[in-house]
There are 2 protein chains.
Amino acid sequence: MTAIDDLCVNTIRVLSIDAVELAASGHPGMPMGAAPMAYVLWTRHLRHDPANPKWVDRDRFVLSAGHGSMLLYSLLYLTGYDLTLDDLEHFRRWGSRTPGHPERGSSAGIEVTTGPLGQGFGNAVGMAIAERWLAATFNRPDHPVVDHWTYVIASDGDLMEGVASEAASLAGDLHLGRLIVLYDANRITLSGTTNITFSEDVGARFQAYGWHVQQVDGLDLGAVDAAIATARVEKSRPSLIVARTHIGFGSPHKQDTFEAHGEPLGKEETRLTKRAYGWPEDSAFYVPAEAQRKFDEGRERGAALYDAWRQAMDGYRTAHADLAVEFERAVAGRLPPQWDAKLPSYTPHEGPMATRDAGGKVIEVLAAAVPNLVGGSADLDPSTRTMMKGKGDFQSRTVPEGGQSPPTQGEAGGPWGYEGRNIHFGIREHAMAAILTGMAHHGAVIPFGATFLTFSDYMRPSIRLAALSEAHVIYVWTHDSIGLGEDGPTHQPIEQLASLRAMPNMLLIRPADANETVEAWRIAMQHRSGPVGLVLTRQKLPILDRTKLAAAAGTARGAYVLIDAEKGSLPELILIATGSEVSLALGAHGRLTGEGVRSRVVSMPSWELFEAQSAEYREAVLPSGVHARVSIEAGSSFGWGHYVGPTGAIIGVDRFGASAPGPVVMAHYGFTVEHVVATAKTVLGR
Amino acid sequence: MTAIDDLCVNTIRVLSIDAVELAASGHPGMPMGAAPMAYVLWTRHLRHDPANPKWVDRDRFVLSAGHGSMLLYSLLYLTGYDLTLDDLEHFRRWGSRTPGHPERGSSAGIEVTTGPLGQGFGNAVGMAIAERWLAATFNRPDHPVVDHWTYVIASDGDLMEGVASEAASLAGDLHLGRLIVLYDANRITLSGTTNITFSEDVGARFQAYGWHVQQVDGLDLGAVDAAIATARVEKSRPSLIVARTHIGFGSPHKQDTFEAHGEPLGKEETRLTKRAYGWPEDSAFYVPAEAQRKFDEGRERGAALYDAWRQAMDGYRTAHADLAVEFERAVAGRLPPQWDAKLPSYTPHEGPMATRDAGGKVIEVLAAAVPNLVGGSADLDPSTRTMMKGKGDFQSRTVPEGGQSPPTQGEAGGPWGYEGRNIHFGIREHAMAAILTGMAHHGAVIPFGATFLTFSDYMRPSIRLAALSEAHVIYVWTHDSIGLGEDGPTHQPIEQLASLRAMPNMLLIRPADANETVEAWRIAMQHRSGPVGLVLTRQKLPILDRTKLAAAAGTARGAYVLIDAEKGSLPELILIATGSEVSLALGAHGRLTGEGVRSRVVSMPSWELFEAQSAEYREAVLPSGVHARVSIEAGSSFGWGHYVGPTGAIIGVDRFGASAPGPVVMAHYGFTVEHVVATAKTVLGR
């Protein structure tokens, strides 16, 4: 390590220590140990331009070990991103741009929100997938407009998490050679040393996944530098660089102990540590001018890289004008003109249709109209109906050693390679969700992923981060109730609708028929401020007769009056239903009308969209004067009290399901016209 | 394969095919491929007595690939469990004992509920842990009363799931040599062949975890037999037997295709398959007498094994009377006499205390009083306060090759070995939850596991199966709200309370102070019909003055009146709060009383317990005549409408949290006495 490198590395360390100390809260040990490798990566390899943090062809850097946030903030500050010393001094304070864990959006240069372990690793695999897809789709000979790497710093904890294991297995399968993970192997976790519980051979495990693995001394800048260079040359396999580091490096009493993990060093130990670094002991947030000059060199390098790319883009625009338009539209996050012009609509005479099938037909249309819609399922596409036929399988063309050549055409038809748009996530729901978020935050693609609604449970930690970081991700969740039948309670969702509705910034839509499904997809494609979950049936549902009922466009308002009692008078009773239960409500409405009861049926595909409407609209749909209300949804009753009120009734499911044919289960659980009618009469006091 | 073995294997296959065919739903391919290895395991190795399915020292068998349920039902029927041909004929029908996926409790011999992939694998690791702990704790020289194996059949899908990866890593670390996994490597998943997405070297991966790995032809009974025998000899490492099999074996048109996975073969293909097996083509549910005789031999073997164990127990009772009493109490699931006599109680003069700390003190007492309380955390025990001091670390004493000898005393103090009671789950929340369920269903231990409440999301699929299968598991979830402060929104739970309450059969308790925490633990120890989640704070809370307020014993009723307006008249207003917000409600009550408002404070630690009370009690606590109600809980408002009604107000959190010191965040989010008072006045119209 040269003196200047040493100085720069210690600057990163000391800024991190000081910020944690001032906040009286945080994780100093990780930045102290990982500073050398982060320094080498950021100053010698990372292709980025701090002045253009949204440059689409920048390398992506993910701090999966999000608790080491001060490492990232120090780097962002020193390399010239829009972050000030004052921001560092406000680490972990109300309203600051330097929160406890990195949050995408809090300041430029934070690619994803991390903290919950393993998630950043999964996001990074998504970014590397997006990069390969964009490169395969848009690059042309002599015009490599997409050509970047994804780098990760991951901790012991990240690599213990199942989501990282799933993502690593898929990354190996896909030969994502542009993904390079620096594993900060400090052998210390929050509660002790890893030999207590993590004695596996991580390198060997990653080799088994098909990764290229190197072992280095994480303190040796030259060794780290060489390992990254080697990893970049190895383009057919993702790389894991196992860097042996020391948590709390330089702290005389806390290095290599778990005490350095999650709390400030303390005043005296901070002083001693600075002494060990040869730092002025009483300084705070001190950045030596010489170190700053060294970091500033990176700005020029970044500006030059960005300029070169802009010139390349100019050449691309000239040579491939149409492609360039499409590429720039994708990068800008705009949908193609007329993207929804060919979305289908359905009439009842086409016969009943499961909403999963209606969704499949929408995907077929969108696959043609929106070229950057990319997605797949967790090994369930024959059931979720989410295959984009003829659009190819996203696969590596690399022939594994001694392996067979992959077919030139996959199941989906079309190309088999990185330009394929159907991703086979495998039975890895959690990684799928983390990957989708990474793809969305990479930008220029619109990702979707499918599985059964029950298995949204497996995805939940990643869904939450997608919601928190406002990722434009579309989840397709089929088999949405006890109506799925024989597979039984392990597969029948009950509490999932309530659980997902309770999550902030999650938009859930459960359409009632094929036409509402079309509308749901239309909304999902345009909703930019967070994930959207589409909740679809396995079983067939009647297509509602829109000549007699309100138009499906009402879906966009979350809830709408499908059919009312005779005009001009308030109904006596409101039946509120979602998804498959809307037809049931209509059946009951017919029966009740025959018996002289004036009822209204409200289709309510989305609570969140409804709550976003004006008070007037909401009052018009659910007039406060009508107290007799019945909600019907084959899921937990939890939360429905809000809409039916104390005098209403909820037809829901508050126990686990049962294995039997769908219609049998539905009937046993009270989802029959008879039961709805009887409940309505009880509510009306008749 | 001898002719009789061949006949027996085909009997298993054909029963499975016929049941799926009659149900017109199910998964025939897996039983057809895995029948040979299952047959060898069940007839030559599995120590079980079908007449005594609850024998504590039986080998455990887990069908992690739960979709192959007919394999298990066929085996249970043929080997003499309480299951009839009629039961098989009612596969997947309403009320049958043979549901679509195996459900613990639906018939004898089903150890755990499986179907969602990876879960059974994790459960099995829990069973193997329980076995080793019980053996180390209760066995004495010449008296090995606990001495059994745990066997698993797992599929490609199981081994793709992160939960299985986490569990496998821990099993390797713990040297669980009594765990033997037969990996049904049929290379086919629901949507295609595994080479599309699962090209990793699974065997090498498991070796990296520290497992003993063998490769066999799954059709070769002798090879499978030998591999199991070898695995049993290898006692210092868990074993993975990679058995190459063929999904839908014998089906002329569907073998080795994903069409054999999830739907009936069809009438004609069934006929052709039976022909290939040399079976009467028009038979249904046909069991050759010769095959049944062969299976019946196992009954005698089982009875002999059980008798030998009973005799061993008699000897143990004589030699080690006290231990035997303790062992039999543990097996019976009874708590020791006076188990809760020493639980602490607290007075306000002891100063404020975080409920996580109160929980820690309870655990200390219970650790001494209940010797079979075994548990740990997902690498967070310094934060969750769940270490049982002096009770040792659950670790293997095996010295890894070339490795260092483990310390003789771990962090917890006390023994370092399988008799240690503190399990270090590592940063593997999902596996922890699956393991806890396996431990509970193994029996004779009371397991608990701890992490932050936010990370209950990682555990969710396993929590759900614990709830469905009524496992007695205790979850300790600390850092229960935005009150945790600086770590920010990634760590601050918002929707978790609502999400867990929405889950059927999940009991959640969020105590308001140290004394309610004691009561919560008392309930958790005795609740036998499903998991209990204890939700505890990071921040300190005042200890409520029970000389002026109702006793904490009210916790058991879910909600109780803590303090009321003057006697004899109904209050004007009810403040309902849980956990840390109860003190806030009391503060507001004091302020309101000073202003002449008659308010009641209800502490509501558990919705589920409250809903289980009589209508009279519930009316007494929340009189329907009092419409002015305010709920206060630092979590999603979702569902609170049920208790506050349309004229009430909910003080909750319906957006993500923020990184700042806890009190600052709480104040910004409206959790102040001032805001509660103001809200109350609004509700009262003043």
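Residues numbered from 1 in each chain as written. Chains lettered and ligands numbered in written order. Predicted model: local features only at pLDDT ≥ 70, side-chain atom pairs only at ≥ 80, totals over all residues. Heavy atoms only, no water.

Draft legend 1. Fine view of the environment of Arg 510 of chain B. Residue and element names in this part refer to chain B. Here Arg 510 lies in the loop between β15 (507-509) and α19 (514-526). Taking C-alpha positions, Arg 510 is 9.7 Å from Gly 558, a pair spaced 48 residues apart along the chain. Here Arg 510 is in contact with Asp 480, Ser 481, Leu 497, Glu 516, Val 535, Thr 578, Gly 579, Ser 580, Glu 581, Pro 605, Glu 633 and Ala 634, once residues within four sequence places are set aside. In this structure the side chain of Arg 510 is engaged in a polar contact, spanning 2.9 Å, whose partner is the side chain of Asp 480. Within polar-contact distance, the side chain of Arg 510 engages the side chain of Thr 578 at 2.8 Å. (Helix = DSSP H or I, 4+ residues; strand = E, 2+ residues; numbered from the N terminus. Contact = heavy atoms within 4.5 Å. Polar contact = N/O pair within 3.5 Å; in protein donor to acceptor, adjacent residues only side chain to side chain.)

Draft legend 2. The nonpolar core, seen in detail. Core analysis: the biggest nonpolar cluster contains 166 residues, and Phe 121 and Trp 211 of chain A together with Phe 121 and Trp 211 of chain B have the highest contact counts within it. Sequence-distant contacts of Phe 121 of chain B, defined by excluding residues within four places in its chain, comprise Ser 64, Ala 154, Leu 159, Ala 164, Ala 167, Ala 168, Val 181, Phe 206 and Trp 211 of chain B. (Core = buried A, V, L, I, M, F, W, Y, C linked by side-chain atoms within 4.5 Å. Buried < 20%, exposed > 50% of the residue type's maximum accessible area, 1.4 Å probe, protein only.)

Draft legend 3. Representation of the sheet that holds strand β1 (residues 60-63) of chain A within the structure. All names here are of chain A. Ordered in space as β1-β2-β3-β7-β6, the 5 strands form an open sheet in which the pairing is parallel. Strands at the two margins of the open sheet, each flanked by one partner only, are β1 and β6 (212-217). Averaged over all adjacent pairs, the angle separating strand axes in this sheet is 20°, with direction ignored. Across 6 bridges, the pairing between strand β2 (residues 150-155) and strand β3 (residues 179-185) is parallel. By the bridge assignment, Ala 154 is partnered in β3 with Tyr 183. (Pairing = 2+ DSSP bridges. Axes fitted to C-alpha atoms, helices over the stretch in contact; angles between N-to-C directions.)

Draft legend 4. Representation of unusual backbone geometry. The backbone phi angle of Glu 470 of chain A is positive, close to 55°, even though this residue is not glycine. Along the polypeptide, Glu 470 of chain A turns up in the loop between α17 (456-468) and β14 (474-478).

Draft legend 5. Main features of the pattern of salt bridges. Residues and elements named next belong to chain A. Inspection of the entire model under this criterion finds 77 salt bridges over all chains. In this structure, Arg 510 and Glu 581 form a salt bridge, with 2.8 Å as the shortest nitrogen-oxygen distance. In this pair, Arg 510 sits in the loop between β15 (507-509) and α19 (514-526) while Glu 581 sits in helix α20 (residues 581-594), placing the two residues 71 residues apart along the sequence. For the pair Arg 510 and Glu 581, one class covers both residues: buried. A salt bridge links Lys 548 to Asp 545; the shortest N-O distance between them is 3.7 Å. (Salt bridge = Lys/Arg side-chain N within 4 Å of Asp/Glu carboxyl O.)

Draft legend 6. Highlighting the relation of the copies chain A and chain B. By a simple turn and slide, chain A fits onto chain B: the slide is 0.0 Å along the axis, the RMSD is 0.0 Å, and the turn is 180°. Expressed as an axis order, the relation between the two copies is that of a two-fold axis. Looking at chain A, 100% of its interface residues are interface residues in chain B too, so the copies touch through the same face. (Least-squares fit on C-alpha atoms with pLDDT ≥ 70 in both.)

Draft legend 7. Layout of the packing of α17 of chain A against helix α17 (residues 456-468) of chain B. Two elements in contact, α17 of chain A and α17 of chain B, have axes whose closest approach is 7 Å; the angle formed by their N-to-C orientations is 165°. On the basis of the axis angle, α17 of chain A is roughly antiparallel to α17 of chain B. By crossing handedness, the relation of α17 of chain A to α17 of chain B is classed as right-handed. Between α17 of chain A and α17 of chain B, the residues in contact are Asp 457, Tyr 458, Arg 460, Pro 461 and Arg 464 of chain A and Asp 457, Tyr 458, Arg 460, Pro 461 and Arg 464 of chain B, respectively. Split into classes, the residues belonging to the contact of α17 of chain A with α17 of chain B amount to 4 nonpolar, no polar and 6 charged. (Parallel < 35°, antiparallel > 145°, perpendicular 65-115°, else oblique. Left-handed = near helix turned anticlockwise from the far one by under 90°. Nonpolar A, V, L, I, M, F, W, Y, C, P; charged D, E, K, R; others polar.)

Draft legend 8. Representation of the sheet that holds strand β14 (residues 474-478) of chain B in the model. All names here are of chain B. Strand order in the open sheet made by the 8 strands is β11-β10-β12-β9-β13-β14-β16-β15, with parallel pairing throughout. Of all the strands in the sheet, the pair left with one neighbour each is β11 (416-417) and β15. Across 2 bridges, the pairing between strand β10 (residues 393-394) and strand β12 (residues 422-424) is parallel. Opposite Asp 393, over in β12, you have Asn 422 as the bridge partner. Relative to the sheet, α17 contacts β13 (446-452) and β14, its axis offset from that of β14 by approximately 160°.

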